[in-house]
Structures are given as structure tokens and as C-alpha cells.
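# Understanding the architecture of this molecule
One-letter residues, chain by chain:
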Amino acid sequence: IEDITVTTEIDGQDGIVNVAVQASQGWTGKGRATIESGPGGAAVTADLNFTNGAARAELRLPSARFWSPDHPNLYPLTVELLDAGKLSDAYRLEIGVRTFAISGEQLLLNGRPIKLQGFGKHEDFPLHGKGLDHVQLVRDYELLKWVGANAYRTSHYPYSEEAMELADRYGIM
């Protein structure tokens with residue numbers, strides 16, 4: 001598995017999860033995308049049919065718990081490649097079901113107006129400069145929540161995957 005792109009939509013109370021997967025070397029074969037729907041809920045699964053290394057699937061989560069800064073609900077998504085019915089590769093990530101849109105001068109999260117409250121944030125720290133520091137990341141997100149922030153502005157470089165995953169977990173846009 002080289003890449004996974006997830007986009008989400010909302011249809012009434014249901015979440016629609018679109019998954020696009022890229023596999024290496026133009027792989028052709030079968031796969032599976034599974035979302036664990038939470039306590040008491042059944043997993044939602046869709047088949048992936050790869051042609052020239054690409055596959056897409058749509059999964060519907062009934063009565064989904066939508067992601068927001070106040071309720072950063074996440075679902076575990078697992079993508080698997082199957083070679084002759086046997087697992088050959090798998091990747092797991094957590095996803096939030098949410099939509100963003102602009103209406104006039106308003107930002108809409110899940111169809112409702114939301115105001116961004118936050119700061120500009122760099123991935124560096126005076127004691128050690130730029131470098132991945134998990135403890136510092138957690139401290140930063142705890143401080144953002146403590147002061148009532150729900151967002152931060154990124155800079156001109158790509159942020160670590162760990163920083164983006166923590167933002168999802170803490171409800172930070």
C-alpha cells in the first residue's frame with residue numbers, strides 16, 4: 001500500500017467514507033476496506049478491486065458520530081491487500097467523518113457555522129529546535145484546548161503525520 005486518500009460526506013445521519021488506495025508496482029488484485037463502527041456496532045466493509053495499482057470504495061456508516069472540535073469522534077479504518085485470499089499488506093488509520101464548506105463569508109463544519117479560534121504554530125521548540133517530540137506535541141495540544149482554541153495555522157513546510165493525527169484526536173482544525 002503506497003497511499004490512501006479518504007474523503008467524507010454526510011447524508012442525513014449517515015457518514016459516507018470514500019477511500020482511494022494506491023498499491024505499488026501496478027498491482028492488480030483484491031483488497032478490503034473496513035471501518036470499525038464503535039461499541040455495539042458492526043464493522044462496515046467494502047471490497048477493493050485493484051487495477052493497475054488503484055482501487056476505490058465507498059462505505060456508509062449508519063448513524064455516524066461526526067467529528068467536531070467538541071466531539072472529535074474517530075473511526076479506525078483498515079485497508080488490506082489480499083493475494084489469493086491471504087493478507088499481503090495492511091494499513092490502519094483513524095478517520096473523522098466531517099465536511100467543510102464556505103457559504104458567503106462563513107466557514108461551515110458539518111453544515112453548521114464555526115469560528116476558527118487559534119494561533120499560528122510551528123513545529124519547533126526553543127530547547128531543541130525543529131524535530132519530532134511527541135511529549136511536546138501533546139503539551140501543545142493540551143495548551144490549545146486549555147485556552148479554548150479549536151484551530152491553528154500551519155506554516156510553509158509539511159507537518160508530521162503524528163501532529164496531524166493528534167490534531168484529529170484533540171479536535172483541533
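The text that follows walks through the structure, step by step, so that each part is easy to find. (Residues numbered from 1 in each chain as written. Predicted model: local features only at pLDDT ≥ 70, side-chain atom pairs only at ≥ 80, totals over all residues. Heavy atoms only, no water.)

## Quick look at the overall build of the chain
On a plain count of helices and strands, the chain comes out with two helices and 14 strands. Principal axes of the C-alpha set define a box for the chain whose edges measure 50 × 40 × 35 Å. Put simply, the chain has 173 residues, and 38% of those count as buried. Across the chain, contacts joining residues at least 24 apart in sequence account for 58% of those joining residues at least 6 apart. (Helix = DSSP H or I, 4+ residues; strand = E, 2+ residues; numbered from the N terminus. Buried < 20%, exposed > 50% of the residue type's maximum accessible area, 1.4 Å probe, protein only. Contact = heavy atoms within 4.5 Å.)

## Observations regarding the environment of Ala23
With respect to the element layout, Ala23 can be found in the loop between strand S2 (14–22) and strand S3 (29–35). Counting along the chain gives 22 residues from Ala23 to Ile1, while the straight-line C-alpha distance between them is 4.5 Å. The residues touching Ala23, leaving out its near neighbours within four places in the chain, are Ile1, Glu2, Phe50, Gly53 and Leu81.

## Looking at the pairing of strand S5 (residues 54–61)
Residues Ala55, Ala57, Leu59 and Leu61 of S5 are buried on one face, while the alternating residues Ala54, Arg56, Glu58 and Arg60, pointing to the opposite face, are not. For S2 and S5, the ladder comprises eight bridges, and the chain directions are antiparallel. Across the sheet, residue Val21 finds its bridge partner in S5, namely Ala55. (Pairing = 2+ DSSP bridges.)

## Looking at the packing of aromatic side chains
In total, this model carries five aromatic pairs according to the counting rule given. Considering the side-chain rings of Tyr152 and Tyr159, the 6.2 Å spacing of their centres and the 35 degrees angle between planes classify their relative orientation as tilted. Considered together, Tyr152 and Tyr159 belong to a single accessibility category, that of buried residues. With 5.0 Å between their ring centres and 10 degrees between their planes, Tyr157 and Tyr159 make a pair best called stacked. Pair check on accessibility: Tyr157 and Tyr159 agree, each one buried. A cation over a ring is seen here: Arg98 above Trp67, with NZ or CZ 4.4 Å from the ring centre. Taking NZ or CZ as reference, Lys121 lies 5.6 Å from the ring centre of Tyr152, over its face. (Phe/Tyr/Trp six-rings, centres within 6.5 Å; stacked < 30°, edge-to-face > 60°. Lys NZ or Arg CZ within 6 Å of the ring centre and 35° of its normal.)

## Focus: unusual backbone geometry
Even without being a glycine, Asn52 presents a positive backbone phi close to 50 degrees. Its location among the elements puts Asn52 in the loop between strand S4 (44–50) and S5. Phi is positive for Ser63, which is not a glycine, with a value near 50 degrees. Looking at the secondary structure, you find Ser63 in the loop between S5 and strand S6 (75–83).

## A short note on the pairing of S2
With eight of nine residues buried, S2 is to be regarded as a mostly interior element. Relative to S2, strand S1 (residues 3–11) is paired through nine bridges, and the arrangement is antiparallel. Looking across to S2, one finds that Ile10 is bridged to Gly15. Between S1 and S2, which pair antiparallel in sequence order, lie two residues; one of them, Gly12, sits at a positive phi of approximately 65 degrees.

## What to know about the side chain of Asn150
Here Asn150 is to be found in the loop between helix H1 (134–146) and strand S14 (151–153). Among the residues examined, Asn150 registers a relative accessible area of 8% and is labelled buried. Not counting residues within four places of it along the chain, the set of residues in contact with Asn150 comprises Pro69, Ile114, Lys115, Leu116, Gln117, Gly171, Ile172 and Met173.

## Focus: the sheet that holds S1
One key point about sheets: their strands pair by backbone hydrogen bonds, in either a parallel or an antiparallel sense. If you trace the three strands from one edge of the open sheet to the other, you get S1-S2-S5, paired in antiparallel fashion. Either end of the sheet is taken by a strand with one partner, and the two such strands are S1 and S5. Adjacent strand axes in the sheet meet at a mean angle of 15 degrees when their direction is disregarded. (Axes fitted to C-alpha atoms, helices over the stretch in contact; angles between N-to-C directions.)

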